[in-house]
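# Architecture and fold: a report
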Amino acid sequence: GDDAGAPMMSPVRPAQTTRHIIQHYLPYDSEFVRTARLDAAAKAEVLEARLASAQSQLLKDSIRSAMLALAEFHWERGELKDAWRRVARSREFCSGGRQHTQVCLMLIELSVDLREWGSVRDAISRAEHTVMSSDGEHGGGLDPLFHAKLRAAGGLAHLAEGRYAEAARSFTSVSTELTGQFASVVSAEDIALYGGLLGLATMDRAGLHAHVIDGPFKGRLELVPNMREALRHYSKAEYGACLSLLQTAVLPDLLIDIHLHAHAPILLGMISDRCMVQYFRPYSSVSLAKMGAVFGCDADEMMSAVSRLVASGGVDGSGLGEGARIDSLRKTLSVESPGAVERRARRRARVRAAKMGVEFARNAEGIVLRASCVEAGVVIQGERRGGGGWRGR
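Here's what I pulled together on the structure shown here. What you see is a predicted model; the values in this text were computed from it and never measured.

## Quick look at the side chain of R220
Note that R220 resides in the loop between α9 (205-213) and α10 (225-235). When neighbours within four sequence positions are excluded, R220 is seen to be in contact with V174, S175, T176, L178, A188, I191 and A192.

## What about unusual backbone geometry?
Of note, L58 is a non-glycine position whose phi angle comes to about 55°, a positive value. Looking at where L58 falls in the secondary structure, it is placed in the loop between α1 (30-57) and α2 (60-76). Overall, the relative accessible area of 70% leaves L58 in the exposed class. Its identity is not glycine, yet K331 carries a phi of approximately 55°, on the positive side. When you line up the elements, K331 lands in the loop between β4 (325-327) and β5 (332-334). Residue classification places K331 among the partly exposed positions, given a relative accessible area of 27%.

## What to know about the pattern of salt bridges
Within the structure shown, the criterion is met by 15 salt bridges. For R34, the salt bridge identified is with E31, shortest N-O distance 2.6 Å. Within this pair, R34 and its partner E31 are both found in helix α1, separated by three residues, close to a single helical turn. Judged by relative accessible area, which is 45%, R34 ranks as partly exposed.

## Describing helix α11 (residues 239-255)
At A249, α11 is bent by approximately 45°, the largest bend along its length, and proline P252 sits one to four residues beyond. If you check which residues of α11 are buried, you get Y239, G240, C242, L243, L245, L246, V250, L251 and L254. Along its buried surface, α11 packs onto α8 (188-202), α9, α10, α12 (264-280) and α13 (288-295).

## Brief notes about α1
The terminal C-alpha atoms of α1, which comprises 28 residues, lie 41 Å apart, in line with the 40 Å expected from a rise of 1.5 Å per residue. For α1, the complete set of buried residues consists of A40, A44, L47, L51 and A54. Each element contacted by the buried residues of α1 is listed here: α2 and α3 (80-90). Where α1 begins, the capping side chain belongs to D29, and its oxygen is found 3.2 Å from the backbone nitrogen of E31. Where α1 terminates, the next one or two residues include L58, which has phi positive at roughly 55°.

## A closer look at the environment of V310
Among the structural elements, V310 can be located in helix α14 (residues 299-312). Separated by 14 residues in the primary sequence, V310 and A324 have C-alpha atoms spaced 7.0 Å apart.

## Section: the packing of aromatic side chains
Two descriptors summarise a pair of aromatic rings, namely the distance from one centre to the other and the angle between the planes of the rings. If you walk through the whole model with that rule in mind, you get three aromatic pairs. Between F171 and Y194 the ring centres are 5.4 Å apart and the planes differ by 70°, which places this aromatic pair in the edge-to-face class. Here the residue F171 occupies a position in helix α7 (residues 164-172), and Y194 occupies one in helix α8, the gap between them amounting to 23 residues. Ring plane angle 80° and centroid distance 5.7 Å describe the contact between Y279 and F295, whose orientation is recorded as edge-to-face. With Y279 in helix α12 and F295 in helix α13, this pair connects stretches of sequence that are 16 residues apart. The side chain of R205 reaches across the aromatic face of Y234, ending 5.0 Å from its centre.

## Some thoughts on the sheet that holds β5
A sheet is described by the order of its strands in space; here three strands give the open sequence β3-β5-β4, paired in antiparallel fashion. The sheet terminates laterally at β3 (285-287) and β4, the two strands that pair on one side only. Adjacent strand axes in the sheet meet at a mean angle of 20° when their direction is disregarded. Bridge count between β4 and β5: three bridges; the pairing is antiparallel.

Rules behind the numbers
Residues numbered from 1 in each chain as written. Predicted model: local features only at pLDDT ≥ 70, side-chain atom pairs only at ≥ 80, totals over all residues. Heavy atoms only, no water. Helix = DSSP H or I, 4+ residues; strand = E, 2+ residues; numbered from the N terminus. Contact = heavy atoms within 4.5 Å. Buried < 20%, exposed > 50% of the residue type's maximum accessible area, 1.4 Å probe, protein only. Salt bridge = Lys/Arg side-chain N within 4 Å of Asp/Glu carboxyl O. Bend = angle between axes of the 7 residues up to and from the residue. Expected span 1.5 Å × (residues − 1). Polar contact = N/O pair within 3.5 Å; in protein donor to acceptor, adjacent residues only side chain to side chain. Phe/Tyr/Trp six-rings, centres within 6.5 Å; stacked < 30°, edge-to-face > 60°. Lys NZ or Arg CZ within 6 Å of the ring centre and 35° of its normal. Pairing = 2+ DSSP bridges. Axes fitted to C-alpha atoms, helices over the stretch in contact; angles between N-to-C directions.

Dropping the structure here:
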């Protein structure tokens, strides 16, 4: 009776409302765990025996294949460091361009899974050097998308380390022929999303059109319609619509993205700053209330954001304009006209020239006075006594 409506713990607990997450509680199967461990140990023993046999016969290809098989075994079990060590060791037994590229890409993929971005950059550098030196002998066997995969992996490393401009250039320069061939590291949709978002955050209008909106990268944007629409709004100077679309439609996907979730607030802040700078550029004075209406905030919030931009000098050296001023009483942002800026510069030059003239006259008078005193013999001289003191005369 009274306990009928009380929640009960059970192997499967249904959601009470649509907002609750359905959780499944499965019983622990100790027999399955024991069997899986025994099977894994037996398989590892077989693979180790295969490697020992290949090493005893000194067969390079057999040794490399056995090491890569062991690496795949550790990889499947989630033992990423052991897998990375096996793959790195197998590099010494590669004998062709195709084998080198295979090992390099495996090292890059494992380093990405381990989140060791220094190792990713090191593997990319080694891969480029190795492939460059082997192009003459084994160029025909290379993966035609190898360099595109390296650029995509390099973009992830730059993104993880906060070098957003370099990451944008890497993603937007990835060949359009690379689609799902590197999906274990980054998918075609990811490249489109990362390239579009990073380009919007770091590139000026000319660069954005050249590399993202109108360049070869344009075809990739069809995979992410929301990002494409945000770029279209930005291109048409519809900055409020651009930011609104990013906040409502794109941000939820960014927050669950394995690579972008930690950078999403920073990147959206950079895009917002760039939009404000671009919005104000055609004007000499603008109302902060009207500007806030465009960007979805009130005049006080807009004043705070603009004050930060004025203090920081703008975005990538492109500020709100020389002599930008905020009138807190009238709630306006204004910039001096070129004539006023020139007059102020001339006034500063005159003040500096006057100060230099006064200093020069003072120094000249001192020199003349000194010369007159020397000529008239009105000079204080001294000689050192034996005890180290001075006696004047």
